[in-house]
Each structure stands twice: as structure tokens, then as C-alpha cells.
Amino acid sequence: MNGTIRVGNLFGIPFYIHPSWFLVLGLVTWSYSSGLAAQFPQLSAGLALLLGLMTALMLFASVVAHELGHSFVAIRQGIDVKSITLFIFGGLASLEKESKTPGEAFWVAIAGPMVSLLLCGIVTAIGVTTTASGPLAAILGVLASVNLALALFNLIPGLPLDGGNILKAIVWKITGNPYKGVTFASRVGQIFGWVAILSGIVPLLFFGRFGNFWNLLVGFFLLQNAGNAAQFARVQEKLTGLTAEDAVTIDSPIVSANLSLREFADERVISGQNWHRFLVTDDDGQLVGAIAVDNLRSIPTAMWSETPVKQVMRPITESTTVQSDQPLLEVMQLLEQQKLSVLPVIRENGVLVGILEKTAIIQLLQSRTQPNPA
């Protein structure tokens, strides 16, 4: 997963760490250990470093708890959580699909900030009720303030932050269109991204201060991800209402199982068709397998006339086919997830419709994007 390292499972959810996380862990550990050493001179250097590391790990545990909040609500809605990843900007829970209703989307989005606010309240209560003092009080104060900041930052109403997903759900509820919600929340996210970038650039250009350099990184992060979300929403909207059958290739490479290899070679290969792999159907038109041009080499040329295609073909499993009425958006996501370029399309009774190519979906999108001639 883009260079991430899998470290195990959390409540059955695959847990990954991006290499950049270790850099952040080291910086946070050094920062808090230095702060504790300066605030409490009686601490030895080793103890201050240990406490700094413990504080950093508890902070990242808070980020994981935040993402688990999203994950548990999604799981209750029947949505599979593919992974949780820690990276330089925090954490990310990767969900299998979107919520079905704006209400469900709202609760998935707000669950993370609610967990962070809850942790802030619990840590604050522990500090008050136990009358903690010294380094322990300082660590509890840091944990409470960071969880509060984590909640408030994520509530900024712009994608890809939780606040953006909340805004998306609200616009979705008002308009009845989820894609309008994504588009609106993405634009707001881009606005906040530019604000963050300007807040980092202006002090740097006019005063030579690097104190807001982090704002630059956050701003670019917001701009890039908000733009990607808007672009994907436009793709989703254009594919809405289309099924796999709508993108089936005309004159798909299909041959009969009873065709001889000689006929197959003469009619399909030598005739100039550029396909290297053909789908095989029985007398009822049902998909029974596939044959590649290279498979002809396994049979002597002299035997081609008496050898049927079905003797050389390879079987195709149901997992490598899609139903003709399956939404085209789901098919596109399946192609991306399994890194495929072509899928056979069949009807409910098993009859083959044809093949669906990734390039055909792209061409279909382009045709729906082009303005109609006057």
C-alpha cells in the first residue's frame, strides 16, 4: 500500500504505518522530552526521553482511537474497513464504500471527532480528580489539548477532513445528490487549503519566519485531496445510472466452444483481428471459458482441424466476471482494486454479453463530458 508497513490487525482491521510516521514520532519524542527537561530540571536526560516517547506514543494512540471511531460506526452500517493507516498528517481509515444515506454518512464522519472530544474530557477529568502534579500533570495536559486540537482541526468544514464529510452529508441531505455534497465540500476544502498556504507563505516572504511552515504542508495536503475528491465525484456522477452492459465492447472477441482450432485460427486470428484472448461460449451462449492465441501452440498444427476449442480453453471462475446490470461505478472500482483491464460481462442466466475494457469506460466518460453540438 504505497510503501506502508503492515504491523498487524486492530479489532480485525489491517493496521499500516507509513515510513514518514517514524520521522514524526522521532520529532514529537524529541520535542516533548526537551520540553519536559526544561520544565522539570530534576529529570534525568534518559527519563525525560522515555517520558517524551511515552507521550508521543499516547498521542498517536489518540489518532488511532479517532480512526477507530469512524471504523466502528462504518462497520455497524455494514461497511467493511479495508485498513487504518498512520502517516505524517495523522491517520486514515479506508472504507470499502460510502454510506447509503446522508444520515449514516454524517454519523461516520462525526464519530472520529466525538472520540477525540471524549478522550479530551476523560484525560482532563483524570488530571483534576487525581490532583496530578509534576511531569504527569504536564503529560495529561498535552494529551488533553492535543485531542481537543485533533477534534477541532478535523471539524474544519472542508474535504478531506471530517468536517468536510459532515458538510457533504448536510448538502447531500438538502439537495438529495451526494455528488453535489462532495463537490461543495471539496471547494470549501480548497479554500481552507489556500488560506493555510497563504498563512505560511506571507510570514516567510515578508518577515523571514518559518514558524508557519507546517501550514504550508497542511495547505498542500488539503488542496490535493480536496481536488481529488471533487474529480472522483464528477466521475461518479457521470457513471450514475450506467451499468456494465452499457460499456461492453462492440464485436467482443467471442468464439464457440465447438469451433475447431483451424476454424478459430482462420476466422479470428489470421483474418486480422487484433485480440490475443477470446471468450468461449456453448450452444446456449453461456460463458464456459477462454482461449488465448498462444494456447494454439500446445496442439500440433496437423491436429487443428479435429480439435475443438473447448479442448484447449481455460475455465473462467465467477469471481472474474460481472453481471450485466451491475452499476458501472462498482465495475470501475473492481477493475482498480484487482488491477484488471478487461472483465467478461454476463447476464443472470450466464449468457455472455461481451467484454468490458477499462479503456471503454474512459471513452464513455469522455463522450459524456463533451458538450452536445448545437
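To be clear, the structure that these remarks concern was listed above.
Along each chain, residue indices are assigned from 1 in the same order as the chain's sequence is written. Note on the predicted model: pLDDT of at least 70 is required for a residue's local features to be given, and 80 or more for side-chain atom pairs to be given and counted; whole-chain, interface and lining totals, by contrast, use all residues. Note that the side-chain values use all heavy atoms of the structure and ignore hydrogens as well as water.

(A) Broad picture of the overall build of the chain. On a plain count of helices and strands, the chain comes out with 11 helices and 10 strands. This radius of gyration counts C-alpha atoms alone. The globule rule is 2.2 Å times how many residues there are, raised to the power 0.38. Here the chain has a C-alpha radius of gyration of 28 Å; the compact-globule value for 374 residues is 21 Å, and the former is much larger. Across its three principal directions, the C-alpha atoms of the chain cover 90 × 55 × 45 Å. Only protein chains enter the calculation, and the probe is 1.4 Å; a residue is then buried if its accessible area is under 20% of its type maximum, exposed if over 50%, and partly exposed in between. Here the chain holds 374 residues, and the buried ones make up 43% of them. Summarising the internal contacts of the chain: among those between residues at least 6 apart in sequence, 61% fall at separations of at least 24. Areas reported as accessible are Shrake-Rupley estimates using a 1.4 Å probe. Residue values count occlusion only from the protein chains shown. Of the roughly 20500 Å² of accessible surface on the chain, a fraction of 62% belongs to carbon and sulfur atoms. Under the DSSP-based scheme used, a helix requires at least four consecutive residues in state H or I and a strand at least two consecutive residues in state E, with every element numbered from the N terminus. Should any heavy atoms of two residues lie within 4.5 Å, those residues are considered in contact.

(B) Structural context of a nonpolar patch on the surface. What goes into a patch is any residue over 30% in relative accessible area without a salt bridge, connected to like charges within 9 Å or, for nonpolar side chains (Val, Leu, Ile, Met, Phe, Trp, Tyr), within 5 Å. Any carboxyl oxygen of Asp or Glu within 4 Å of a side-chain nitrogen of Lys or Arg constitutes a salt bridge here. Taken together, Leu-47, Leu-50, Met-54 and Met-58 make up a surface patch of nonpolar side chains, about 330 Å² in accessible area. Considering the arrangement of structural elements, one finds Leu-47 in helix α2 (residues 45-76). Assessed through its relative accessible area of 37%, Leu-47 is described here as partly exposed.

(C) Quick look at the pairing of strand β7 (residues 287-292). Here strand β6 (residues 277-281) runs beside β7; their pairing, made up of 5 bridges, is antiparallel. Within β7, the residue paired with Arg-277 across the bridge is Ala-292. Hairpin connection from β6 to β7: 5 residues lie between these consecutive antiparallel strands, with Gly-285 at a positive phi of about 80 degrees. If DSSP finds at least two bridges between two strands, the strands pair.

(D) Inspection of the sheet that holds strand β8 (residues 322-323) at higher detail. Sheet architecture is open: 3 strands sit in the order β8-β9-β10, paired in mixed fashion. Sheet topology places β8 and β10 (352-357) at the edges, where each strand pairs with a single neighbour. Pairing geometry for strand β9 (residues 342-346) and β10, over 5 bridges, is antiparallel. Bridge pairing in β10 links Ile-346 to Leu-352.

(E) Layout of the packing of helix α1 (residues 19-39) against α2. Here an axis means a line fitted to C-alpha atoms, over the contact stretch when the element is a helix, while the angle between two N-to-C directions is reported on a 0 to 180 degree scale. One way to put it is that α1 packs onto α2 with a least axis distance of 7 Å and a crossing angle of 130 degrees. Accordingly, the angle class assigned to the pair α1 and α2 is oblique. Considering only the axes of α1 and α2, their crossing is right-handed. Taken together, the residues of α2 that come into contact with α1 (itself represented by Trp-21, Val-24, Leu-25, Val-28, Thr-29, Tyr-32, Ser-33, Leu-36 and Ala-37) are Ala-48, Leu-49, Leu-51, Gly-52, Leu-53, Thr-55, Ala-56, Leu-57, Leu-59 and Phe-60. Small angles under 35 degrees read as roughly parallel and large ones over 145 as roughly antiparallel, with 65 to 115 read as roughly perpendicular and the rest as oblique. The handedness criterion is simple: a crossing whose near helix is rotated anticlockwise from the far helix by less than a right angle is left-handed, and one whose near helix is rotated clockwise is right-handed.

(F) Broad picture of the environment of Gly-26. Relative to the helices and strands, Gly-26 is located in helix α1. Relative accessible area serves as the criterion here: at 38%, Gly-26 is assigned to the partly exposed category. Residues Gly-26 and Ala-302, spaced 276 residues apart in sequence, show a C-alpha to C-alpha distance of 70 Å.

(G) Looking closely at the sheet that holds strand β5 (residues 254-256). In space, the 3 strands of this open sheet follow the order β5-β6-β7, with mixed pairing throughout. In this open sheet, the two strands that pair with only one neighbour each are β5 and β7. Across this sheet, the average inter-strand angle for adjacent strands is 35 degrees, counted without regard to direction. Pairing analysis gives 3 bridges linking β5 to β6, with the strands arranged parallel. Pairing of Ser-256 across the sheet is with Thr-281, part of β6.

(H) Structural view of the nonpolar core. In this structure, Phe-15, Trp-21, Leu-36, Phe-60, Ile-84 and Leu-86 are the most contacted members of the largest nonpolar core, which totals 33 residues. In this view, Phe-15 contacts Ile-5, Arg-6, Val-7, Gly-8, Asn-9, Leu-10, Val-64, Ile-84 and Leu-86; residues no more than four positions away in its chain are not counted. Residues belong to one nonpolar core when they are buried, are Ala, Val, Leu, Ile, Met, Phe, Trp, Tyr or Cys, and are joined through side-chain atoms within 4.5 Å. If you look at the next biggest cluster of nonpolar residues, it comprises 19 residues, including Leu-242, Ala-247, Ile-361 and Leu-365.

(I) Layout of the pattern of salt bridges. By the definition in use, this model includes 4 salt bridges. One salt bridge in this structure joins Lys-168 and Glu-98, with 3.1 Å as the shortest N-O distance. Of this pair, Lys-168 sits in helix α5 (residues 162-175) while Glu-98 is found in the loop between β4 (90-95) and α3 (102-129), placing the two residues 70 residues apart along the sequence. One salt bridge connects Asp-294 with Arg-297, and the closest N-O pair in it is separated by 3.8 Å. Both residues of the pair, Asp-294 and Arg-297, belong to the exposed class.

(J) Up close: unusual backbone geometry. Here the bond from Leu-159 into Pro-160 is cis, since omega is 10 degrees, no more than 30 degrees from zero. Mapped onto the secondary structure, Pro-160 falls in the loop between α4 (134-154) and α5. Despite not being glycine, Phe-11 shows a phi value in the positive range, around 55 degrees. Its place among the elements puts Phe-11 in the loop between β1 (5-10) and β2 (13-17). Even without being a glycine, Asp-251 presents a positive backbone phi close to 55 degrees. Counting through the fold element by element, Asp-251 comes out in the loop between α7 (213-239) and β5.

(K) The arrangement of the packing of aromatic side chains in detail. Pairing of aromatic side chains here covers Phe, Tyr and the six-membered ring of Trp, requires ring centres within 6.5 Å, and sorts the geometry by plane angle: under 30 degrees stacked, over 60 edge-to-face, intermediate tilted. Scanning the entire structure with this criterion turns up 5 aromatic pairs. Ring geometry for Phe-11 against Phe-72: centres 5.4 Å apart, planes inclined by 80 degrees, an arrangement best described as edge-to-face. Residue Phe-11 is found in the loop between β1 and β2, and its partner Phe-72 is found in helix α2; the two are separated by 61 residues along the sequence. Classification of Phe-11 as exposed rests on a relative accessible area of 65%. The class for Phe-72 is partly exposed, based on a relative accessible area of 37%. Both rings, one in Trp-21 and one in Phe-60, keep their centres 5.0 Å apart while their planes meet at 65 degrees; by these two values the pair is edge-to-face. Highlighted residues: Trp-21 in helix α1 and Phe-60 in helix α2, separated in sequence by 39 residues. Each member of the pair, Trp-21 together with Phe-60, is buried. In this structure an aromatic cluster arises from ring pairing among Trp-21, Phe-22 and Phe-60.

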